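# Geometric and topological summary
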Amino acid sequence: MSARLVLLGTKGGPAIRPGGPWPTSTLLELGGRTIVVDCGLGVTRGLTDAGVGLKALDLIFVTHLHSDHVLELGPLIHTAWTAGLATPVRVFGPTGLNRYWQSFVQALEFDIETRIADEGRPDLRRMVEVVEFGEGEVLRDGELNVTSLRVDHPPVTDCFALRFDCNGESVVFSADTAFFPPLAEYARDADILLHEAMLEEGVERLVARTANGARLREHLMASHSLAGEAGTIAARAGVGRLVLNHLIPADDPEIGEADWIEAVRKTWNGPLTIGRDGLVVTAKGEDAP
Ligand SMILES: [Zn+2]
Ligand SMILES: [Zn+2]
């Protein structure tokens, strides 16, 4: 069974707009495992719409603690628990993740205690194992091997690209990062590279309609990659397919898929997918939602 991705949320940043795409989260099915990478707002709905039974929640990875990647982690696990979660969940993320989780269950203490007493549920707090990781090996579990690489996402220092290898297949997530050449070596020969991307003209339009525009431009340029830079990483790494996600901007009606493709084609000639919510992607291609 080959690796399959469902792009649950494909926009960069925390804002949502009517009918627009959702912040970052992705479902990865690899070697028979169900893996969630990042938990931006909408992840629970996205997984449900993708046909994933929440009871089967297994492995969750968070690339960094920006809210567009972690805001719905607690609500996802809690909803799985109320849906009848039967087996423990393991959550992997950078330093600080444990504090997020402890604070979340503390905030929901009333509900958790009530449901244990009233509905006879197992204690959610004993069903979740939080593993904080640094750079290097993250998990070895059967055939599944997960590693991390610290990327360049100021002012966040603990932001990690992730590489999943299983039975000769590999999928790499760039996480949020400025152009970061070491990613090319890290993603060497991966079947699929999911890389974040910005479109320069779109950023200018975004900056023009934002109150604090100059500051926003400065942050975006220092902390994120242009679409052409994502293409450069893919080309140097020799990946099987490049998938752009965490798109900035993702909801500008003046910018369409053709604009993204044009920007990436300057540096990458291989198989290419421009992410959109609900899209199913394999190394061979994509299916409409
Ligand atoms: Zn982000
Ligand atoms: Zn970020």
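Residues numbered from 1 in each chain as written. Chains lettered and ligands numbered in written order. Predicted model: local features only at pLDDT ≥ 70, side-chain atom pairs only at ≥ 80, totals over all residues. Heavy atoms only, no water.

Attention now goes to the sheet that holds strand β6 (residues 128-132). Strand pairing in a sheet is mediated by backbone hydrogen bonds. Such pairs are either parallel or antiparallel. Overall, mixed pairing links the eight strands, which are arranged β6-β5-β4-β3-β2-β1-β14-β15 in an open sheet. With one partner strand each, in any of the chains shown, β6 and β15 (285-287) form the two edges of the open sheet. The average angle at which neighbouring strand axes cross in this sheet is 20°, direction not considered. The sheet contact formed by strand β3 (residues 33-39) and strand β4 (residues 59-61) spans three bridges and is parallel. What sits directly across from valine 37, in β4, is phenylalanine 61. Against the sheet, helix α3 (residues 73-82) touches β3, β4, β5 (89-93) and β6, its axis set at about 170° to β4. Lying on the sheet, helix α4 (residues 97-107) is in contact with β5 and β6; it crosses β6 at an angle near 150°. (Pairing = 2+ DSSP bridges. Helix = DSSP H or I, 4+ residues; strand = E, 2+ residues; numbered from the N terminus. Axes fitted to C-alpha atoms, helices over the stretch in contact; angles between N-to-C directions. Contact = heavy atoms within 4.5 Å.)

Moving on: the pairing of strand β11 (residues 192-198). Residues in a regular strand point their side chains to alternate faces of the sheet. Of all seven residues in β11, seven are buried, a share of seventy percent or more. Two strands pair when backbone bridges link them, and strand β10 (residues 169-173) and β11 are joined in this way by three bridges, in the parallel orientation. The residue of β11 that forms the bridge with valine 172 is leucine 193. Here β11 runs beside strand β12 (residues 242-248); their pairing, made up of six bridges, is parallel. Opposite leucine 194, over in β12, you have valine 243 as the bridge partner. (Buried < 20%, exposed > 50% of the residue type's maximum accessible area, 1.4 Å probe, protein only.)

On to the nonpolar core. Among the nonpolar cores identified, the biggest contains 31 residues, and Leu183, Leu193, Val239, Leu242, Leu244 and Trp260 are the most heavily contacted of them. Counting residues per element, this core draws most heavily on helix α9 (residues 227-237), at five residues. If sequence neighbours within four positions are ignored, valine 239 has contacts with Ala187, Ala190, Leu193, Ala234 and Trp268. Among the nonpolar cores identified, the runner-up in size contains 30 residues, and Leu54, Ile60, Phe104 and Leu124 belong to it. (Core = buried A, V, L, I, M, F, W, Y, C linked by side-chain atoms within 4.5 Å.)

Coordination of the zinc ion (ligand 1) by the protein is provided by Asp68 (OD), His69 (NE2), Asp176 (OD) and His246 (NE2), with metal-donor distances spanning 2.1 to 2.2 Å. Donor residues for the zinc ion (ligand 1), ordered by position in the chain, follow D-H-x106-D-x69-H. The zinc ion (ligand 2) is placed at 3.4 Å from the zinc ion (ligand 1), the two being bridged by aspartate 176. Of this pair, histidine 69 sits in helix α2 (residues 67-70) while histidine 246 sits in strand β12, placing them 177 residues apart in sequence. Given the relative accessible area of 1%, histidine 69 is considered buried. (Donors = N, O, S within 2.8 Å, 3.2 Å for Na, K, Ca; no water.)

On to the packing of aromatic side chains, then. Applying the stated criterion across every chain, the model contains five aromatic pairs. Relative to phenylalanine 92, the ring of phenylalanine 61 lies with its centre 4.8 Å away and its plane at 15°, an arrangement referred to as stacked. On the criterion of sequence distance, the pair formed by phenylalanine 61 in strand β4 and phenylalanine 92 in strand β5 is long-range, its members being 31 residues apart. Classification of phenylalanine 61 as buried rests on a relative accessible area of 0%. On the basis of relative accessible area, phenylalanine 92 is assigned to the buried category, the value being 2%. On the numbers, 5.6 Å between centres and 75° between planes, the contact of phenylalanine 164 with phenylalanine 173 is edge-to-face. Overall, phenylalanine 173 belongs to the buried group, its relative accessible area being 5%. Among the aromatic residues, those joined into a cluster by ring pairs are Phe61, Phe92, Phe164 and Phe173. (Phe/Tyr/Trp six-rings, centres within 6.5 Å; stacked < 30°, edge-to-face > 60°.)

Note that every value here comes from positions in space, so none of it alone points to a role or purpose.
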